[in-house]
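Chain by chain, the residues:
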Amino acid sequence: MSDEPQPQQPNPGWAPKEPQAAGKGQTQEPGAPGAPDASGKAKKPKRPKRTGWRRLIPTWRIVLSTVVVGLLLIVGGFFLGYHLVQIPPANALATKQSNVYLYADGSVLARDGEVNRESVGLARISKDAQHAVLAAEDRDFYTESAIDPGAMVRAGWNTATGKGKQSGSTITQQYVKNYYLGQEQTVTRKVKEFFISIKLDREKNKSEILEGYLNTSFFGRGAYGIQAAAQAYFGVDAKDLTAAQGAYLASLLNAPSQYDVVAHPENKPAAEARWNYVMNGMADKGWISASERAAAKFPKPKQSTISTNMSGQRGYVVNIVKKYLIDNGIVDEEELGRGGYRITTTLQKDKQDAFVKAVDDKLMSQLDTKERKVDTYVRAGGASVDPKTGKVVAMYNGIDYVKQYTPNAVRRDFQVGSTFKPFVFTSAVENHSETQDGRTINPNTRYDGTSERPVQGWSGGRYAPENEDHRDYGNVTVREATDKSINAVYAQMAVDVGSDKVKQTAIDLGLSKNTPELTPSPSIALGVATASPLDMAEAYATIANHGRHSTYTLVEKVTKDGKQEVDLPERREHQAVSREAADTTTSVLRSVVQNGTATAAQAAGRPAAGKTGTAEEDTAAWFAGYTPDLATVVAVMGQDPKTAAHKSLYGATGLARINGGGAPAEIWSQYTRNALEDEPVTDFDLQLQSGADVTAPPTGDSSDEPGDGDESGSSDPDDRSTGDEEGTDTPGDSGSSTPPGDSGGTETGPPSTGGGTPGTGSPSTEPGPTGGGDSGGDDSSNGGTGPGDGDTTGAGGGDSDTTAGTIAGIPVTPRRQ
């Protein structure tokens, strides 16, 4: 054996660290990359590891696995849910409880325990009504499946992105919700609804499902089911419903309370739009012909007939409180309809009774509906608010809910007239406004009170409102202009302040930004806006509360089933306008009661401030007033009981006119005196604008007569010093006493009565409805072209030779005070 070292066999899997050059005769070790395997084929190299951002991207294997597993879970979950969720028995709607409404002291105000429902077969429901509901809710009902996933996703997306809550439900799903489940918006309920709908679609035919839906849906007015709804709104059976009537009932499904045009005439445009949508859908589907669609007219529902447990003020209050609960998201409408709620209101029984008695004594007892047709038009509405809390303590809505369905305290379709003027002055002080020639506006600022004087500084066109009875006043102070309600002065002041600022101040004080006709223009000062008495009471309460605003509330407490307390909105209060602006306005409005158009309010026997107002054509007369403890607004309105058209009140109660200083102020006085009977008398604590603490002497050449007939109440201006005044003596006043800056002594003698005896309420200088010189102070350059039946939104009705001017090219009529 040679001593030379012998070559060693390499171990399996070993490879040299340095690769050898090709052609050296080296062979690859088994198992090395690229080395042949046992079959002689070369092995593929290993995939390099992914680094960096590539590690974040799932591979196709992971994606495929996830999709497969997800599909298996969905399919498995579907079959599991389908077998676990069973069709339950019907819910307890048939045994629903009543809701109990209480006064603030806990005494029962009303119960709404009746269930108004009558189930009928599909054969007893007219085809037109059936088709109308399908056109409104689910036009492809007969051809689609029980659920519509696309609509559900779309509705969920719209809700999540703030486009409004949408159900995305088919009629089958809605029926399941109505009949088997509840109205709660939860994931569990929606899941149950999903599976029950699928099962129900397999077990019942479409006609059975539609029949169940029509018999369980809520249509408002307490009506469950289309048969009850047909009777409640049109006094007919469901089998006799026309296409137009059916379309109206179908529209109610979208918003039962809001689209009742009898209860809420201000919502008629929205109801008509929904009705047109339904009718057009019926025509598109071929359920009615094009000629039938063209000939169809919006139907007028009948007045509601309510059982006697809703008579008097009870029915009004119940409906107003219901709307308050729904609008504020406290209780869902359908859930409230199912009952079981105990609702304590803010209304105080003694004050509520006092309000009703005051209206009966000062207005209703003076009517003679058999001898005077105009007396059949008379309506009254009012609201009373605690300024410190914003609580509504009393309301008056009408003589009887069973006889007059529309709630007059909350309706927004009559002009507020000159009760709006204090908002203009408040805005002037709040914004430190100046006249066109640079003088700061305060109670002593002088303006030209000439009737039909064109306003200066307004770029929207000529506007020259007339004063009451075309009376000229010459150079007058703001305080005098407020006492006499001089239109020319306040229209100019609105321009000086900026009508947009005036509008914002009114909203800040409490008017809704959606108040009809609340538009920035000089006419805003004359009260063309149609706010409700409750709106106005809220705004005047803010002034009474030194500019601090509390959103009004009607509800103290709500419980469900006697134990579960429902959360109420948090009470919000803020300084809407400065105390200086509010208190200076109060100072001016005290003068109106002591020296101006509202002397009848002195009969309350307390320090009081307020303003009278009259809508154009004398279709409404207002008094808005307050003491330190109570803000109350009273309106007397004219409405035809058959057509619901606004009507002039010339000659009502036997007087030439119904003015704010007449019945409204008298009602206010009696109510306020009795409502506060057990309360100590408190005076206003005012912090006035600089310069407002000294009262300028009255203008020598101005008329001492108040600007409208509102001074014609039963309180004699000569008797102003009968103990109804308050405060310290003010120079120039004979017997009255006021704190510094108040207006109690601005006149050296009582104002003239204008030729009549105040106690009679009928000054001889005022014309009747056909008076030749003036037909209501509403004349415009196109006088006589507007409605002649007291329509507050029209022009004309008076002399055609007066010039009211235009705004942006549109004729605008002057309004009464």
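These notes cover the structure that comes with them. (Residues numbered from 1 in each chain as written. Predicted model: local features only at pLDDT ≥ 70, side-chain atom pairs only at ≥ 80, totals over all residues. Heavy atoms only, no water.)

Digging into the overall build of the chain
From N to C terminus, the chain includes 20 helices and 18 strands. Considering the chain as a whole, with its 817 residues, one finds that 54% of them fall into the buried category. For the chain, contacts bridging at least 24 residues in sequence account for 72% of all contacts bridging at least 6. Total accessible area computed for the chain in this model is approximately 35300 Å², and 51% of it derives from carbon and sulfur atoms. (Helix = DSSP H or I, 4+ residues; strand = E, 2+ residues; numbered from the N terminus. Buried < 20%, exposed > 50% of the residue type's maximum accessible area, 1.4 Å probe, protein only. Contact = heavy atoms within 4.5 Å. Areas by Shrake-Rupley, 256 points an atom, 1.4 Å probe, with all protein chains shown as cover.)

Comments concerning the environment of A696
On the secondary structure map, A696 appears in the loop between α20 (663-675) and β17 (806-807). With 251 residues separating them along the chain, A696 and T445 place their C-alpha atoms 8.8 Å apart. Aside from chain neighbours lying at most four places away, what touches A696 is N444, R446 and T477.

Regarding the sheet that holds strand β12 (residues 564-565)
Spatial strand order, β2-β1-β5-β11-β12: five strands in an open sheet with mixed pairing. At either end of the open sheet lies a strand with only one pairing partner, and these are β2 (108-111) and β12. Pairing between strand β5 (residues 341-345) and strand β11 (residues 555-560): five bridges, direction antiparallel. What sits directly across from R342, in β11, is T559. (Pairing = 2+ DSSP bridges.)

Re the sheet that holds strand β14 (residues 609-614)
As summarised here, the arrangement of the five strands in space is β7-β6-β16-β15-β14, forming an open sheet in which the pairing is antiparallel. Looking along the sheet, the strands with just one partner apiece sit at the ends: β7 (392-396) and β14. Adjacent strand axes in the sheet meet at a mean angle of 5° when their direction is disregarded. With six bridges connecting them, β14 and strand β15 (residues 620-626) associate as antiparallel partners. Bridge assignment links K611 to a residue of β15, and that residue is A624. (Axes fitted to C-alpha atoms, helices over the stretch in contact; angles between N-to-C directions.)

Concerning the pattern of salt bridges
For side chains of opposite charge, pairing can occur when their charged atoms come near one another. Summed over all chains, the structure comprises 22 salt bridges. Taking the shortest distance from any N to any O, the salt bridge between D140 and K285 comes out at 3.3 Å. Of the two residues, D140 is situated in the loop between α2 (127-137) and α3 (149-160) and K285 in the loop between α9 (268-284) and α10 (290-295); the sequence distance between them amounts to 145 residues. Ionic pairing is found between D629 and K388, a salt bridge with its closest N-O pair at 3.7 Å. Of this pair, D629 sits in the loop between β15 and β16 (631-638) while K388 sits in the loop between β6 (378-385) and β7, placing them 241 residues apart in sequence. Connected via shared salt-bridge partners are E468, D469 and R657. (Salt bridge = Lys/Arg side-chain N within 4 Å of Asp/Glu carboxyl O.)

Notes on the nonpolar core
If you look at the biggest cluster of nonpolar residues, it comprises 126 residues, and the most contacted ones within it are F420, F423 and M493. Ignoring sequence-local partners within four residues, the contact set of M493 consists of V424, F425, A428, I441, Y447 and V478. By size, the runner-up hydrophobic cluster in this structure holds 45 residues, among which are L134, I171, A228 and M282. (Core = buried A, V, L, I, M, F, W, Y, C linked by side-chain atoms within 4.5 Å.)

Describing the pairing of β14
Counting buried positions along β14 gives six out of six residues, so the element sits mostly inside the fold. The side-chain alternation of β14 yields two buried faces, one formed by A609, K611 and G613 and the other by G610, T612 and T614. Hairpin connection, β14 to β15: the antiparallel pair is bridged by five residues, and E617 has positive phi, about 60°.

Brief notes about the packing of helix α8 (residues 243-252) against α9
The contact between α8 and α9 brings their axes to 9 Å, and the two run at 125°. When the interaxial angle is binned, α8 and α9 end up oblique. The interaxial crossing formed by α8 with α9 has right-handed handedness. Here α8 contributes A243, A244, A247, Y248, A250 and S251 to the contact with α9, which in turn contributes R274, W275, V278, M279 and M282. Residue composition of the contact of α8 with α9, grouped by class: nine nonpolar, one polar and one charged. (Parallel < 35°, antiparallel > 145°, perpendicular 65-115°, else oblique. Left-handed = near helix turned anticlockwise from the far one by under 90°. Nonpolar A, V, L, I, M, F, W, Y, C, P; charged D, E, K, R; others polar.)

What about a negative patch on the surface?
There is a patch of like negative charges on the surface, built from D105, D350, E677, D678 and E679. Relative to the assigned elements, E679 resides in the loop between α20 and β17. (Patch = residues over 30% accessible without salt bridge, like charges linked within 9 Å, V, L, I, M, F, W, Y side chains within 5 Å. Lys, Arg positive; Asp, Glu negative; His and termini not counted. Charge placed at Lys NZ, Arg CZ, Asp CG, Glu CD.)

Points about the packing of aromatic side chains
Within the structure shown, the criterion is met by 16 aromatic pairs. Here Y248 and F298 contribute two aromatic rings whose centre-to-centre distance is 5.7 Å and whose plane-to-plane angle is 80°, an arrangement assigned as edge-to-face. Of the two residues, Y248 sits in helix α8 while F298 sits in the loop between α10 and α11 (314-327), which places them 50 residues apart along the sequence. This pair shows no difference in class: Y248 is buried, exactly as F298 is. Between Y401 and Y405, the aromatic rings sit 5.2 Å apart at their centres with planes inclined by 45°, giving tilted as the arrangement. In this structure, Y401 and Y405 share a single accessibility class: buried. Lying across the ring of Y277, R139 places its NZ or CZ 4.5 Å from the centre. In this structure, K206 packs its charged tip against the face of F141, placed 4.7 Å from the ring centre. (Phe/Tyr/Trp six-rings, centres within 6.5 Å; stacked < 30°, edge-to-face > 60°. Lys NZ or Arg CZ within 6 Å of the ring centre and 35° of its normal.)

Quick look at unusual backbone geometry
With a phi angle near 55°, R221 is a residue other than glycine that sits in the positive phi range. With respect to the helices and strands, the residue R221 is situated in the loop between α6 (206-216) and β4 (223-224).

Brief notes about the packing of α2 against α8
As a packed pair, α2 and α8 sit with axes 8 Å apart at the nearest point and diverge in direction by 40°. Between α2 and α8, the interaxial angle falls into the category oblique. Every pair of crossing elements has a handedness; the one defined by α2 and α8 is right-handed. Here α2 contributes D128, A129, A132, V133, A136 and E137 to the contact with α8, which in turn contributes A243, G246, A247 and A250.

Focus: the pairing of β6
With eight of its eight residues buried, β6 lies for the most part within the structure. Residues V378, A380, G382 and S384 line one face of β6 and the alternating positions R379, G381, A383 and V385 line the opposite face, and both faces are buried. Sheet analysis places β6 next to β16, joined by eight bridges and oriented antiparallel. Among the inter-strand pairings, V378 is bridged to a residue of β16, identified as G638.

Thoughts on α6
In terms of burial, α6 is largely enclosed, as eight of its eleven residues are buried. Turning to α6, its buried residues are K206, I209, L210, G212, Y213, L214, N215 and T216. By the N-cap criterion, in which a side-chain oxygen at the helix start approaches the backbone nitrogen of a residue two or three places on, α6 is capped by N205, the distance to S207 being 3.1 Å. (Polar contact = N/O pair within 3.5 Å; in protein donor to acceptor, adjacent residues only side chain to side chain.)

Considering the side chain of H646
Here H646 lies in the loop between β16 and α20. For H646, the side chain forms a polar contact with the side chain of D413, separated by 3.2 Å.

Remarks on helix α16 (residues 487-497)
A large share of α16 lies buried, amounting to eleven of its eleven residues. When α16 is considered as a whole, its buried residues turn out to be N487, A488, V489, Y490, A491, Q492, M493, A494, V495, D496 and V497. Close packing links the buried residues of α16 with α14 (421-430), β8 (446-448), β9 (475-477), α15 (478-483) and α17 (499-509).

Topic: the side chain of T515
Mapped onto the elements, T515 comes out in the loop between α17 and α18 (533-544). Ignoring sequence-local partners within four residues, the contact set of T515 consists of A529, T530 and A531.

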